[in-house]
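Structural characterization, general
Residue strings, one per chain:
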Amino acid sequence: MLDIKIERTTAAKTKPDYDKLGFGNYYTDHMFLMNYTKGIGWHDARIVPYGPLSLDPATMVFHYAQEMFEGLKAYYTPEGKIQLFRPQKNIERMNNTNRRMCIPEIDPEDALQAIRAVVEMDKDWIPKEEGKSLYIRPFIIATDVHLGVHPSKTYLFAIILCPVAAYYAAGINPVKIFIEREYVRAVRGGTGFAKVGGNYASSLIGQEKAEKMGYAQVLWLDGVEHKYIDEVGAMNVFFVIDGKVITPALSEGNILPGVTRASCIELLKSKGIPVEERKLSIDEVLDAYKNGTLNEAFGTGTAAVISPIGELNDGETVMTLNDGNIGPISQMLYDNLTGIQWGKLEDTLGWTVPVC
Ligand code: COI
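Remember, predicted model here, so these are calculated numbers, not experimental data.

What counts, and where the lines are drawn
- Residues numbered from 1 in each chain as written.
- Predicted model: local features only at pLDDT ≥ 70, side-chain atom pairs only at ≥ 80, totals over all residues.
- Heavy atoms only, no water.
- Helix = DSSP H or I, 4+ residues; strand = E, 2+ residues; numbered from the N terminus.
- Rg over C-alpha atoms; globule rule 2.2 N^0.38 Å.
- Buried < 20%, exposed > 50% of the residue type's maximum accessible area, 1.4 Å probe, protein only.
- Contact = heavy atoms within 4.5 Å.
- Areas by Shrake-Rupley, 256 points an atom, 1.4 Å probe, with all protein chains shown as cover.
- Lys, Arg positive; Asp, Glu negative; His and termini not counted.
- Charge placed at Lys NZ, Arg CZ, Asp CG, Glu CD.
- Domains from an automatic or database assignment.
- Buried area = accessible area lost by both parts, 1.4 Å probe.
- Salt bridge = Lys/Arg side-chain N within 4 Å of Asp/Glu carboxyl O.
- Near = heavy atom within 4 Å.
- Polar contact = N/O pair within 3.5 Å; in protein donor to acceptor, adjacent residues only side chain to side chain.
- Nonpolar A, V, L, I, M, F, W, Y, C, P; charged D, E, K, R; others polar.

Here we take up the overall build of the protein chain. A tally of regular secondary structure across the protein chain gives 8 helices and 17 strands. For 356 residues, the compact-globule estimate of 2.2 N^0.38 gives 21 Å, and the C-alpha radius of gyration of the protein chain, at 21 Å, lies within 12% of that figure. With respect to the three principal axes, the spread of C-alpha positions in the protein chain is 60 × 50 × 35 Å. A buried classification covers 54% of the 356 residues belonging to the protein chain. Considering only intrachain contacts with a sequence separation of at least 6, the fraction spanning at least 24 residues in the protein chain is 71%. Carbon and sulfur atoms make up 51% of the accessible area of the protein chain, which totals about 15,400 Å². If you average the places of the 36 positive and of the 45 negative side-chain charges in the protein chain, the two averages end up 2 Å apart.

What follows deals with the domain arrangement of the protein chain. Bring the parts together and some accessible area is lost; that lost area is often taken as the interface size. Each assigned domain of the protein chain is listed here: domain 1 (5–165) and domain 2 (175–341). Each of domain 1 and domain 2 was reduced to a C-alpha centroid, and the two centroids are 27 Å apart. Each partner contributes residues to the interface: domain 1 has 20 residues there, and domain 2 has 23 residues. Counting each side, the surface lost to burial between domain 1 and domain 2 is near 1,800 Å², with a carbon and sulfur contribution of 60%. Interface area lost by domain 1 to domain 2 is led by Phe85, Arg93 and Arg100, which between them contribute 34%. At the junction of domain 1 with domain 2, the criterion picks out 1 salt bridge. A salt bridge links Arg86 to Glu266; its shortest N-O distance comes to 3.3 Å.

Once that is clear, we can look at the pattern of salt bridges. Counted by the stated rule, this structure contains 15 salt bridges. Salt-bridge contacts for Glu277 lead to Arg261; the nearest nitrogen and oxygen are separated by 2.8 Å. With Glu277 in strand S13 (residues 275–277) and Arg261 in helix H6 (residues 259–270), the pair connects residues that are 16 residues apart, well separated along the chain.

As a structural note, the neighbourhood of the ligand is formed by Phe69, Gly71, Tyr135, Arg137, Tyr167, Lys195, Tyr200, Ala234, Thr302 and Ala303. Take Tyr135: an N or O atom from its side chain is 2.6 Å from an oxygen atom of the ligand. Between the ligand and the protein, one listed contact pairs an oxygen atom with a backbone N or O atom of Ala303 at 2.8 Å. The class makeup of the residues in the shell around the ligand is 6 nonpolar, 2 polar and 2 charged. Shared between two domains, the shell around the ligand takes at least three residues from each, and those domains are domain 1 (5–165) and domain 2 (175–341).

Next comes the structure, spelled out in structure tokens:
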């Protein structure tokens, strides 16, 4: 159990216009911080006023990117309760990432305590409007001041909070995705399964290229053959072909094990809808499109929730899915998932965790 010291802000911020939140634009009054020192472990858990971190220019994270991050949300229920969605899954993934990045693990109970404490502290920032929530961004950075390439001996764990609306400006409306055939996001043995900034940094060039052509995001293919579907960077991806739901398997280690992804698979199974986790080639998707069996496609993620794909462009073929409308499976998953998250549907699967 952490002994969390609290320093309250003396200059509470003016809240933004919640009708114009967007995603990632505003931060709350406080943040959680905790340090790690080799030989001592994690120490000095504290909640302090939100503000800049002061770091030496030679701090290791700036040079060798030894860092990780997570993303989860807190929701207001109609009864005025505050709840988290499967935070234990994020904490488990955080420690999987930490192992890959040679960052010391954090006791899962301590991590949950820290998340609940800082969310409770800034609970008046949690949006009450439909479809909005408080995005929670835990992250860890290497803080040794040193330029040798080896794991840091000190780290900072921080949690910041951000009231958000939909990740894409389009909201639940279908997004347009460009299939990237030149650049790759991850390779076997790399960090594709880990939630590290480097994965996102290397995706920016493809993202920028797609945006210039009017696409919201990139569909990444595998790093070896450029043939098998990987993920969409800010979300995992599902295709409905001939009534079967198919999503790339996690076994190659190059796909982020999304909490929303896992929840959708469990929801689909609980409703008796066939779902396959396997290798899926882009040719299979193109063939399904050509023979009329590509029923729908959608992305899943904490930020994106369920994001239907209205158009897929592979540079040669432009596939319009479901006439650019949200498909029935995407809609069903969106309704069930958000219903549980916002406390409007009974949580029969035990996925929500109260904050206060
Ligand atoms: C999330 O869905 O929480 C993510 O981390 C995606 C992100 C890059 C916005």
